[in-house]
Amino acid sequence: MPNLKDLKIRINSVTSTQKITQAMKMVAASKLRRAQEAAEASRPYAERMEKVLTDLGHSMAGNEGASPLLVGTGKQDVHLIIVATSERGLCGGFNSSIVKLAKLKIEKLIADKKKIKILCIGRKGHLQLRRQYNQLIVDVIDLKHVKRLAFSDASPIAGRILKMFEDGEFDVCTLFYARFKSALTQIVTEQKMIPAPIAEANDEAEDDLGGAAYEYEPGEAEILEALLPRNVSVQLFRALLENAASEQGARMTAMESATRNAGEMIDDLTLQYNRSRQASITSDLIEIISGAEAL
Amino acid sequence: MAKTLHFELVSPERLLMECEVTAVVVPGSEGDFMVYPDHAPVITTIRPGVVEVMGASDKDEIVRLFIHGGFAEVGTGHLVILTEEAIPVSELRKADIEQKIIDAREDLEDAKTDEQTRTAQEAISKLTELLKAAA
């Protein structure tokens, strides 16, 4: 049985850990709110873009000279997997679950004899992936210095991806990130970026145009040509924003349960401490009494 | 009251502006055009230039914004501009831009690859537009 002093030390150390997790929870909660606002603010742009793209994509997809960003290169040999994770740990299973899904996909592609290239955004994903797939990782993008994610952070990454695509370094690009649903649930998502997925036009969307046939200036093809690279940046930007919100959500939940666990531990230890204190008092008393009786 | 147009200026980061306006001048890539209510639906690319928003507030003020290219969508009763960056013209500083142009020219001279040349040229043309707007 540990002695009283040891127990006291442990109680103190758990209490200070609890203080830290409590503080981290608060910080994560306030960061989460900001990240959520940013993610929501980016929605109108992405929605508009998607609408125009869906419209154009349908009329252009059948055409011969359509951009490879829309219809693909015609091959499916080399896959670029982008894994977006966080820069910091202590956020529960957030990074692991993204990496897990990505690994599943990678294994499946390897089994299909495809060539794979991995681009990591965020340090944590890289640390987990490099054990197994070090030779497949083409680069790691570190966003550690970024305090508030701006579009100007996402567009150079998108520029790089586009350049790689132009240089024929890959045929299909898939992005892995966690979509933010609520502070408690984040959904790990696999999103195809190149070729651009065009949502099936439903009747509702058709009605939305109000029968107004748009005129395109300079022309449908030119607009699509300018729109597609931008769409890659926007998609990436959105994914990173969602990821940032998810990370904070996951961290908040993780820290909350850590705080709770620490509380339980303190209760247990305090009980144990009091018991051993009583036990030592009792044994002291017995010694004194039996000593007195012996006289 | 005169008929109004629902105008939205959206950047990837946030909705920059949303209001009822009487008319907007848009720097389309095929030339500037003015959008009034009941304009025919059109989707066009935009070159870097100045957007002039008229009748945004109750005053007769014209809000002038410099935008770094993007898209404009005119629909029935609304105009949406998608752009990556917008700066109110009043916040542009002529001296700063001139300095940037000089920097960009130096970049162009130092450029070794086609890629670098292209980015430098793009930067210069963008900055020249900016300077015109600031003047």
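It should be noted that the structure appears before, not after, this text.
So, here is what we can say about the structure in this document. Note that the structure is a prediction, hence the values are computed from the model and not measured.

Observations regarding the overall build of chain B
Right, on to step 1. Along chain B, the regular secondary structure elements total two helices and ten strands.
Right, on to step 2. The order of α-helices and β-strands along chain B, N terminus first, is β-β-β-β-β-β-β-β-β-β-α-α.
Right, on to step 3. Along the first, second and third principal axes, the C-alpha set of chain B runs to 55 × 30 × 25 Å.
Right, on to step 4. When each of the 135 residues of chain B is scored for burial, the buried share is 44%.
Right, on to step 5. Pairs at least 24 apart in sequence give 48% of the contacts found in chain B among residues at least 6 apart.
Right, on to step 6. When the accessible surface of chain B is summed, it comes to about 7,200 Å², and 49% of that surface belongs to carbon and sulfur atoms.
Right, on to step 7. Mean positive and mean negative side-chain charge positions of chain B (13 and 26 charges, respectively) differ by 4 Å.

Re the sheet that holds strand 1 (residues 78–84) of chain A
All names here are of chain A.
Right, on to step 1. Here five strands make up an open sheet; going across it, the order is 3-2-1-4-5 and the pairing mixed. A single partner strand is all that each edge strand has here, and the edge strands are strand 3 (137–141) and strand 5 (186–194). Neighbour-to-neighbour, the strand axes of the sheet open up by a mean angle of 20 degrees, direction not taken into account.
Right, on to step 2. Where strand 1 lies against strand 4 (residues 172–180), five bridges are found, and the strand directions are parallel.

Remarks on the interface of chain B and chain A
Right, on to step 1. The interface of chain B with chain A comprises 26 residues on the first partner and 25 residues on the second.
Right, on to step 2. The tally of links between chain B and chain A comes to three salt bridges.
Right, on to step 3. Two residues, glutamate 8 of chain B and arginine 48 of chain A, come together in a salt bridge whose shortest N-O distance is 3.6 Å.
Right, on to step 4. Across the contact surface, chain B and chain A share five residue pairs in polar contact (both at pLDDT 80 or more).
Right, on to step 5. Breaking the side of chain B that touches chain A down by element, the ones donating at least two residues are strand 1 (5–10), strand 5 (42–46), strand 8 (70–75) and strand 9 (78–83) of chain B.
Right, on to step 6. No other element matches the five residues that strand 8 of chain B contributes to the side of chain B that touches chain A.
Right, on to step 7. Here the residues of the side of chain B that touches chain A are counted per class, giving ten nonpolar, nine polar and seven charged.
Right, on to step 8. Bridge count between strand 6 (residues 215–217) of chain A and strand 5 of chain B: three bridges; the pairing is parallel. Bridge assignment links tyrosine 216 of chain A to a residue of strand 5 of chain B, and that residue is isoleucine 43 of chain B.

Focus: the pairing of strand 8 of chain B
Residues and elements named next belong to chain B.
Right, on to step 1. Counting buried positions along strand 8 gives six out of six residues, so the element sits mostly inside the fold.
Right, on to step 2. Alignment of strand 8 against strand 9, held across six bridges, turns out to be antiparallel. Residue pairing across strands places glycine 70 opposite threonine 83, the latter belonging to strand 9.

About the cut-offs
Residues numbered from 1 in each chain as written. Chains lettered and ligands numbered in written order. Predicted model: local features only at pLDDT ≥ 70, side-chain atom pairs only at ≥ 80, totals over all residues. Heavy atoms only, no water. Helix = DSSP H or I, 4+ residues; strand = E, 2+ residues; numbered from the N terminus. Buried < 20%, exposed > 50% of the residue type's maximum accessible area, 1.4 Å probe, protein only. Contact = heavy atoms within 4.5 Å. Areas by Shrake-Rupley, 256 points an atom, 1.4 Å probe, with all protein chains shown as cover. Lys, Arg positive; Asp, Glu negative; His and termini not counted. Charge placed at Lys NZ, Arg CZ, Asp CG, Glu CD. Pairing = 2+ DSSP bridges. Axes fitted to C-alpha atoms, helices over the stretch in contact; angles between N-to-C directions. Salt bridge = Lys/Arg side-chain N within 4 Å of Asp/Glu carboxyl O. Polar contact = N/O pair within 3.5 Å; in protein donor to acceptor, adjacent residues only side chain to side chain. Nonpolar A, V, L, I, M, F, W, Y, C, P; charged D, E, K, R; others polar.

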